[in-house]
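The residues making up each chain are set out below.
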Amino acid sequence: MSEPTAMQDLLNAEGPAAVPGLGRPDRARSLWRDTWDILRHRKIFWVSLVMLVAFLLMAAFPTLFTHKNPEYATLAKSMEGPSAEAWFGYDLQGRDVFARTIYGARTSIIVGVLATLLTVLLGGVAGVLAAYYSRWLDSVLSRVGEMFLGVPYVLGAIIILGTIAPAQSSPDKVTIMAVVIVVLAVLGWPILMRIARSAVIQAKHQDYVQAARALGAGPARIIFRHILPNSLAPILVYSTITIGSYIGAEATLSLLGIGLRAPVISWGIAIADHTSYIRTGAHALFFPAAFLSLCVLTFVMLGEAVRDALDPKLR
């Protein structure tokens with residue numbers, strides 16, 4: 001019997017997968033798999049993810065955290081401090097601050113998420129069209145975006161909200177939330193358009209796009225099958241951070257009296273209702289403000305973690 005060869009020894013010791021070119025091939029690597037491999041080793045990602053899950057549970061299932069009715073008021077307990085009966089105390093109208101803080105997560109997160117989705121839709125479509133077709137369409141869309149960017153954010157919101165839903169009016173919950181969402185998206189889409197435009201311009205000059213065009217692929221196939229999948233990284237990062245920004249912007253507009261208003265329950269409204277009572281009842285303002293800050297911080301940390309993982313220069 002002949003002596004086993006070196007190749008046979010290697011096969012017997014470690015199997016076919018140990019030899020390049022033999023056995024099953026290694027799993028294909030991709031940008032998203034590499035990103036996950038980096039994210040799962042970062043503490044900031046897991047911390048932000050745990051906090052995000054907690055806030056999403058508050059928004060989706062508030063009864064898991066409190067059994068009290070956030071609308072129930074007992075004037076006799078107005079501005080009472082934290083106690084075993086009410087962990088966060090009572091607000092000016094004698095409502096449980098903890099219950100209103102938990103239920104406020106739903107409105108604030110819904111406004112932030114939906115406004116971001118609308119921003120991505122408006123800015124993403126405009127950025128892709130401007131970058132892919134260039135020339136006159138790029139010039140027109142860029143000039144329109146610059147017009148919106150030239151308007152100060154708060155001033156633009158005051159003008160639009162003051163016209164559509166003035167403070168003297170009493171719209172229902174859905175209407176006022178829809179108006180605030182549209183205003184945030186209308187004022188925020190130009191920045192995302194620039195990000196999408198830059199990413200698409202970089203992607204459309206790649207060899208795989210040129211090859212697809214040479215093989216006769218139409219604009220729609222090139223955009224949806226080749227350009228968009230390779231341009232999502234910066235859009236995803238910006239969108240994650242934008243959710244937190246819009247939650248803070250909603251609170252700012254509510255504080256100014258032009259954003260959400262009763263009967264809607266949100267962190268911004270809770271802060272606005274008690275700014276004049278910070279000396280006599282700071283708890284009614286502190287707890288909603290703390291939850292608001294933590295939620296915004298959660299999305300910012302998550303966005304920064306994803307950005308660091310997607311950007312090879314920051315790895």
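Per chain, residues are indexed from 1 in the order of the written sequence. A pLDDT threshold of at least 70 governs which residues receive local features in this predicted model, and a stricter bar of 80 or more applies before side-chain atom pairs are shown or counted, although totals over entire chains, interfaces and linings include all residues. The basis for every side-chain value is the complete set of non-hydrogen atoms in the structure, without hydrogens or water.

Draft legend 1. The overall build of the protein, seen in detail. Counting secondary structure elements, the protein contains 12 helices and 0 strands. A run of H or I in DSSP counts as a helix once it spans at least four residues, and a run of E counts as a strand once it spans at least two, with each numbered from the N terminus. Going from N to C terminus, the protein has its helices and strands arranged as α-α-α-α-α-α-α-α-α-α-α-α. The buried label applies to any residue whose accessible area, calculated with a 1.4 Å probe on protein chains only, is under 20% of its type's maximum; exposed applies above 50%, and partly exposed to all values in between. Here the protein holds 315 residues, and the buried ones make up 42% of them. Whether two residues are in contact is decided by their heavy atoms: any pair within 4.5 Å suffices. By sequence separation, contacts in the protein at least 24 residues apart represent 71% of the contacts at least 6 residues apart. Each accessible area is a Shrake-Rupley estimate made with a 1.4 Å probe; only the visible protein chains count as cover when residues are assessed. Carbon and sulfur atoms make up 66% of the accessible area of the protein, which totals about 17,400 Å².

Draft legend 2. Looking closely at the nonpolar core. Core analysis: the largest hydrophobic core is formed by 32 residues, its most contacted members being Phe 55, Ile 247, Trp 267 and Cys 295. Among the secondary structure elements, those contributing two or more residues to this core are α3 (43-60), α4 (97-133), α10 (232-255), α11 (267-273) and α12 (283-310). Among all residues touching Trp 267, those that are not within four sequence positions of it are Phe 55, Thr 101, Gly 104, Ala 105, Ser 108, Pro 288, Phe 291, Leu 292 and Cys 295. Side-chain atoms within 4.5 Å link the members of a nonpolar core, which is a set of buried Ala, Val, Leu, Ile, Met, Phe, Trp, Tyr and Cys residues. In this structure, Ile 176, Ile 181, Leu 253 and Ile 269 belong to the second largest nonpolar core, which totals 19 residues.

Draft legend 3. Spotlight on the packing of aromatic side chains. The pairing test for Phe, Tyr and Trp rings, Trp by its six-membered ring, is centres within 6.5 Å, and the orientation test on the planes gives stacked under 30 degrees, edge-to-face over 60, and tilted for anything in between. For the coordinates displayed, the defined rule picks out 10 aromatic pairs. Arranged with centres 6.0 Å apart and planes meeting at 75 degrees, the rings of Phe 55 and Trp 267 form a pair that is edge-to-face. Pair noted here: Phe 55 is in helix α3 and Trp 267 is in helix α11, with a separation of 212 residues, a long-range link. Each member of the pair, Phe 55 together with Trp 267, is buried. On the basis of an interplanar angle of 80 degrees and a centroid distance of 5.0 Å, the ring pair of Phe 88 and Phe 98 is categorised as edge-to-face. In this pair, Phe 88 is assigned in the loop between α3 and α4 and Phe 98 in helix α4, connecting sequence segments 10 residues apart. Here the aromatic cluster, defined as three or more aromatic residues joined through ring pairs, consists of Phe 55, Trp 87, Phe 88, Phe 98, Trp 267, Phe 286, Phe 287 and Phe 291.

Draft legend 4. Summary view of the pattern of salt bridges. Salt bridges are identified by distance alone: a Lys or Arg side-chain nitrogen within 4 Å of an Asp or Glu carboxyl oxygen. Counted according to the given criterion, the structure contains 6 salt bridges. Note that Asp 91 and Arg 100 form a salt bridge whose closest N and O atoms lie 3.9 Å from each other. Look at Asp 91 and you get buried, because its relative accessible area is 3%. The exposure class of Arg 100 is buried, given its relative accessible area of 12%.

Draft legend 5. Local environment of the side chain of Arg 95. On the secondary structure map, Arg 95 appears in the loop between α3 and α4. Filtering out sequence-adjacent residues up to four positions away, Arg 95 remains in contact with Pro 70, Glu 71, Tyr 72, Ala 73, Gly 89, Tyr 90, Arg 100 and Asp 273.

Draft legend 6. Local environment of a nonpolar patch on the surface. There is a patch of nonpolar side chains on the surface, built from Val 53, Leu 57, Phe 61, Leu 64 and Phe 65 and spanning about 450 Å² of accessible area. Locating Leu 64 in the fold gives a position in the loop between α3 and α4. To count toward a patch, a residue needs a relative accessible area over 30% and no salt bridge; like charges are then connected within 9 Å, while nonpolar side chains (Val, Leu, Ile, Met, Phe, Trp, Tyr) are connected within 5 Å.

Draft legend 7. Representation of α10 within the structure. The terminal C-alpha atoms of α10 lie 34 Å apart, and with 24 residues this matches the ideal 34 Å at 1.5 Å per residue to within 8%. Following α10 by one or two positions, Gly 257 has its phi on the positive side, about 85 degrees. Here, expected helix span is obtained from the residue count minus one, scaled by 1.5 Å.

Draft legend 8. Layout of the packing of α4 against α12. Axes here refer to lines fitted to C-alpha atoms; in helices the fit is confined to the stretch in contact. Angles between the N-to-C directions go from 0 to 180 degrees. As a packed pair, α4 and α12 sit with axes 10 Å apart at the nearest point and diverge in direction by 35 degrees. Crossing of α4 against α12: the hand is right-handed. On α12, the residues touching Val 97, Thr 101 and Ile 109 of α4 are His 283, Ala 284, Phe 287, Pro 288, Phe 291 and Cys 295. For any pair of crossing helices, the crossing counts as left-handed if the nearer helix is rotated counterclockwise from the farther one by less than a right angle, and right-handed if it is rotated clockwise.

Draft legend 9. Structural view of the packing of α10 against α12. The N-to-C vectors of α10 and α12 enclose an angle of 170 degrees; their axes lie 9 Å apart at closest approach. As judged from the angle between their axes, α10 and α12 are roughly antiparallel. When you trace α10 past α12, the crossing you get is left-handed. In contact with Ala 233, Leu 236, Val 237, Thr 240, Ile 241, Ile 243, Gly 244, Ile 247, Gly 248 and Ala 251 of α10, α12 contributes Leu 292, Cys 295, Val 296, Phe 299, Val 300, Leu 302, Gly 303, Glu 304, Val 306, Arg 307 and Leu 310. Grouping the amino acids of the contact of α10 with α12 by side-chain chemistry returns 15 nonpolar, 4 polar and 2 charged. Should an angle fall under 35 degrees it is called roughly parallel, over 145 degrees roughly antiparallel, and 65 to 115 degrees roughly perpendicular, with every other angle called oblique. Here the nonpolar group is Ala, Val, Leu, Ile, Met, Phe, Trp, Tyr, Cys and Pro; Asp, Glu, Lys and Arg are the charged ones; every other residue, Gly included, is treated as polar.

Draft legend 10. Spotlight on the side chain of His 283. Relative to the elements of secondary structure, His 283 occurs in helix α12. A distance of 2.9 Å separates a polar side-chain atom of His 283 from the backbone oxygen of Glu 80. Here the side chain of His 283 touches Tyr 90 through a polar contact of 2.9 Å, landing on its backbone oxygen. Excluding anything up to four places from it in sequence, His 283 contacts Met 79, Glu 80, Gly 81, Pro 82, Phe 88, Gly 89, Tyr 90, Val 97 and Pro 288. N or O atoms within 3.5 Å of each other form a polar contact, as long as, within protein, one can give a hydrogen and the other can take it, and as long as residues adjacent in sequence are counted only when both atoms are side-chain atoms.

Draft legend 11. Up close: the confidence of the model for the protein. One confidence number per residue, pLDDT, is output by the predictor and ranges from 0 to 100. Averaged over every residue, the pLDDT of the protein is 80; residues scoring 70 or more account for 86%. No element of the protein has a lower mean pLDDT than helix α1 (residues 6-14), which averages 44, and none a higher one than α3, which averages 92. Of the regions scoring below 50 in pLDDT, residues 1-28 engages in 13 contacts with residues more than four places distant in sequence or in other chains.

Draft legend 12. Highlighting the environment of Leu 49. Structurally, Leu 49 is set in helix α3. In this structure Leu 49 comes out as partly exposed when scored by relative accessible area, which is 27%. Taking the C-alpha atoms as reference points, Leu 49 and Met 301, separated by 252 residues in sequence, lie 9.2 Å from one another.

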